[in-house]
Amino acid sequence: MIRTLLALSAFVVLSQGFTSNHANAADPSAGEWKTIFNGEDLSGWDGDSRLWSVRDGVIHGETTAENSANGNTFLIWEEEPVSDFELSLAFRCSTTNNSGIQYRSRHINPDEARNKWVVRGYQHEIRNENELPSVAGFIYDEGGKRGRMCLVGEKAVWTADGKELVETFLTADEFKKLFKLDDWNEVRIVAKGHRLQHYLNGTLILDCTDNHPEFARTEGVLALQLHAGKPMWVEFKDLKIRQAK
């Protein structure tokens, strides 16, 4: 009987450990959620007013042939820089071009950029695609040297020697079932120390530890992207953030 109980206890512990790595388990030690978009206007955010607005209670960014972006441009959250945090939001976008969610990023001096709202740093890629690897969710080094740092379905570690792929834990078929084409998708980004995790619709899709001695970022601004080039639109809602502990 004792051996049976011990075996069951071990199984529960192992199962809980797996869940913490591969599911949307909430951190009970995290802080209270703070809403960062009021659903009425862009108070607390700064961006190109030609391109960003509020429609039907959601943030709407759009470029057209007549009203284009001069380079990638961003709607920047004006409050405190983010460090260790959890961000939760929902997005949907057009089938043309792409967008992104910037975090721990650096606001570039307008004298050194193509417009006043340029940031560089970690980007959660946004696309209306469900085919691996060009899908919403991977980490892109916006304005940096590392490109696609970690793809959807990867657990990876970055060091001075480059990227080490530790594990691939999500298949193309699994992602296709997870992502909602032409609809709202829920995102959760968790950044704790050097570890970055992206969740999509309640499922972990990426786990990256950035230990690069020069390029790793531990603090910076939060922003939403409109991409230069072909006309596009993107929308965001239910934006909230809390401190991760």
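Look up: the structure comes first, before these words.
Residues numbered from 1 in each chain as written. Predicted model: local features only at pLDDT ≥ 70, side-chain atom pairs only at ≥ 80, totals over all residues. Heavy atoms only, no water.

## Observations concerning the side chain of Asp-207
This is how it is decided: Every helix listed is a DSSP run of H or I at least four residues long, and every strand listed is a run of E at least two residues long, numbered separately from the N terminus. The buried label applies to any residue whose accessible area, calculated with a 1.4 Å probe on protein chains only, is under 20% of its type's maximum; exposed applies above 50%, and partly exposed to all values in between. Residue contacts follow a heavy-atom distance rule, with two residues in contact if any of their heavy atoms lie within 4.5 Å.
With respect to the helices and strands, the residue Asp-207 is situated in strand β15 (residues 203-210). Classification of Asp-207 by relative accessible area gives buried; the value is 3%. The contact partners of Asp-207, leaving out residues within four places of it in the chain, are Cys-150, Glu-154, Lys-155, Ala-156, Arg-195, Leu-196 and Gln-197.

## Some remarks on the packing of aromatic side chains
Quick note on the threshold: Aromatic contacts are taken between Phe, Tyr and Trp rings whose centres are within 6.5 Å, Trp giving its six-membered ring; a plane angle under 30 degrees counts as stacked, one over 60 as edge-to-face, and the others as tilted. By definition, being over a ring means that NZ of Lys or CZ of Arg is both within 6 Å of the ring centre and within 35 degrees of the ring normal.
Going through the model one piece at a time under the given rule, you end up with 4 aromatic pairs. Between Tyr-103 and Tyr-122, the ring centres sit 5.7 Å apart and the planes meet at 35°, which makes this aromatic pair tilted. Placement of Tyr-103 in strand β7 (residues 99-107) and of Tyr-122 in strand β8 (residues 119-126) is noted, with a sequence separation of 19 residues between them. For Tyr-122, a relative accessible area of 2% corresponds to the buried category. Members of the aromatic cluster, connected to one another through ring pairs, are Phe-85, Tyr-103 and Tyr-122. Above the face of the Tyr-199 ring, Arg-188 is positioned so that its terminal group lies 4.2 Å from the ring centre.

## Some remarks on unusual backbone geometry
With an omega dihedral of 0°, the bond running from Leu-132 to Pro-133 counts as a cis peptide bond. Looking at where Pro-133 falls in the secondary structure, it is placed in the loop between β8 and β9 (139-142). In the Ramachandran plot, Asp-56 falls in the positive-phi region, its phi being about 55° despite a non-glycine side chain. By secondary structure assignment, the location of Asp-56 is in the loop between β3 (52-55) and β4 (58-63). Overall, Asp-56 belongs to the exposed group, its relative accessible area being 82%. A positive phi is found at Asp-182, a non-glycine position, where the angle reads about 55°. With respect to the element layout, Asp-182 can be found in the loop between α2 (172-178) and β13 (185-192).

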